[in-house]
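Listed below, chain by chain, are the residues.
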Amino acid sequence: MTPAIQVRQVHKRYGSVHALAGVDLEVRQGEFFALLGPNGAGKTTLINTLAGLARADGGSLRVMGHDVVSGYREARRNLGVVPQELVFDPFFSVRETLRIQSGYFGLRRNDAWIDEVMERLDLTSRAGFNMRALSGGMKRRVLVAQALVHKPPVIVLDEPTAGVDVELRQALWNFVKQLNADGHTIVLTTHYLDEAEMLCQRVAMLKQGRVVALDTTQNLVRSVSGRQVRLRLAPDALPPLLEPIRLGSENGTHLLSLADYPELERVMAALREAGSRVLEMEIVQPDLEDVFVQIMRRE
Amino acid sequence: MDGFRTLLFKELLRFWKVSFQTVLAPLLTALLYLLIFSHVLEEHVQPYPGVSYTAFLIPGLAMMSMLQNSFANSSSSLIQSKITGNIVFMLLPPLSHAEIFLAYALASVVRGATVGIGVIAVTAGFIELPVKFPLWVLAFALFGSAILGSLGIIAGIWAEKFDQLAAFQNFIIMPLTFLSGVFYSIHSLPPFWQALSHVNPFFYMIDGFRYGFFGASDVAPHLSLAIVGGSFLALSFLTLWLLGTGYKLRQ
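Our subject in this report is the structure included herewith. The numbering scheme is per chain: residues are counted from 1 as the chain's sequence reads. Chains carry letters and ligands carry numbers; both start at the beginning, A for chains and 1 for ligands, and go up in the order they are written. Totals for whole chains, interfaces and linings use all residues, but because this is a predicted model, local features are given only for residues with pLDDT of at least 70 and pairs of side-chain atoms are given and counted only at 80 or more.

## Considerations on the interface of chain A and chain B
Operational definition: The contact criterion used here is simple: two residues whose C-beta atoms, placed from the backbone, lie within 7 Å are in contact. Only DSSP runs of H or I with at least four residues qualify as helices, and only runs of E with at least two residues qualify as strands; both kinds are numbered from the N terminus onward. The nonpolar class holds Ala, Val, Leu, Ile, Met, Phe, Trp, Tyr, Cys and Pro. Asp, Glu, Lys and Arg form the charged class, and all remaining residues, Gly among them, are polar.
With 24 residues of chain A in contact, the opposing surface of chain B contributes 21 residues. Contributions of two or more residues to the side of chain A that touches chain B are made by α2 (72-77) and α3 (94-104) of chain A. Within the side of chain A that touches chain B, the residues separate by chemical class into 12 nonpolar, five polar and seven charged.

## Thoughts on the sheet that holds strand β3 (residues 32-36) of chain A
All names here are of chain A. The cut-off we apply is this: Strand pairing is assigned whenever DSSP detects at least two bridges linking the two strands. Fitted lines through C-alpha atoms give the axes, limited to the stretch in contact for helices. The angle between two N-to-C directions lies from 0 to 180 degrees.
Pairing is mixed across the open sheet formed by six strands, whose spatial order is β6-β7-β8-β3-β9-β10. Both edges of this open sheet fall to β6 (79-82) and β10 (210-216), since each of them pairs with a single strand only. Neighbour to neighbour, the strand axes of the sheet diverge by 15° on average, direction disregarded. Across six bridges, the pairing between strand β9 (residues 202-207) and β10 is antiparallel. Bridge pairing in β10 links K207 to R210. The sheet contacts of helix α1 (residues 43-51) involve β3, β6, β7 (154-158), β8 (185-189) and β9, and relative to β7 the element is tilted by about 145°. With respect to the sheet, helix α10 (residues 288-298) is in contact with β3, β9 and β10, its orientation differing from that of β9 by roughly 35°.

## Points about the sheet that holds strand β13 (residues 253-258) of chain A
Residue and element names in this part refer to chain A. Pairing in this open sheet of four strands is antiparallel, and the strands run β12-β13-β11-β14 from one edge to the other. At either end of the open sheet lies a strand with only one pairing partner, and these are β12 (246-250) and β14 (277-284). Each strand axis lies, on average, 20° off the axis of its neighbour in the sheet, ignoring direction. Pairing geometry for strand β11 (residues 227-234) and β14, over seven bridges, is antiparallel. Residue pairing in the sheet places V229 in a bridge with I283 of β14. Packed on one face of the sheet, helix α9 (residues 262-274) meets β11, β13 and β14 and runs near 140° to β13.

So, in structure tokens, the structure goes:
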């Protein structure tokens, strides 16, 4: 099957900054894919080259098999982008904005779908409002609606939840999950790694314009060596035998690192021997954030 | 072509929604010029035999308003979109650069024509203006507005800040329009300034446009049409090329 997105050896320079330094990436159709990385890693640049907002200096990008330069019309018809910045045209109402956006894609009688998108994003009551009169959250919803007016099979959301309240975040994710269930490919950038871990099947991590990790979320989390155990003891003091694996202590709880689960047995034995009683114990699983921190440090 | 039609519609709706500022204000400005200049100069100047100064002035003012407003339409729309960032809504869809050019240029022509027709319609109540060759009037109105619409696109693409656009307007467009013979026949100028006027393309737009009304002009209308038509073609190609390269729009 044609990949939803195919990025091959893409380079992009801004003056002396090598914003994309040979990026290779493939997103399969129907995937929920996360593009992660610190600020300035090249996530938005990659999205911009994919969407035609910037031109790559080298390499090729395809959306549903269509080259973004030579087949730009088809590539753009297949792609919906929710930009990071909260942009809007102050001259128009919500409905006008969506009708105009739809017309740009050559869809002139698209009111049924526009109504449905507005309904699903809870915008119906604001349809006649001028864009200026909307709150930030509402403007964000309109941006999402604008990216969907032409029913693109591939949807890219560039930090859609930055500065968004909890309620909208939940609503937005439910909606995007539904879109994914309906068959849309979703690519997401976010700084909230718990969101990426919860939603995305595969993750690419970018650093300084390069892909430094690309795997399923599960494999990445598994790849982090070691788990941790948090203990509260009576008496409070940690037996000296366990000092080498202590990561820290705070308010009477000690955090110890475990290379693997069998090591927990050795910890328990050491505690028994020292006559310490376990008041509370919690195994801390590594999450995507740990993976992220580890990879970014390593690279 | 649906994308083009939508972009054109959006550009028309944009200026129409603020027509107080985009149509009525320039109309008032033109009328004030007319009032003052015709009051001061009517007795002293007769540019062509049998043509009063006020009658002479009206087509010039109409054309000047058309040119300035055509330029203002495309340039201000683009710079606003660039600065607020909503230009992405036009750059993300599958619009070709020819569609973008045509939509912006045509919307500029419509705004220019609206103001120009307004100037002539309002002044028709005060003075009878002959229209000897309406096709010439139409041709120069169209080419003139389209040229300034294209210039507006170029300026809107080039400028990154409002003051850069204002500089373009104040240091290029304004001098060229004011020194193009709107208020005088260039035959009344000293030889040096006459010669200089002949390298100003705006002069040919105004002179040719005026010829359509009076059947009299400073230079032969065919020459004016050739120069104006040539300028239009050259600027169209330049604008299309700029849009095609993505200069300052698609980083």
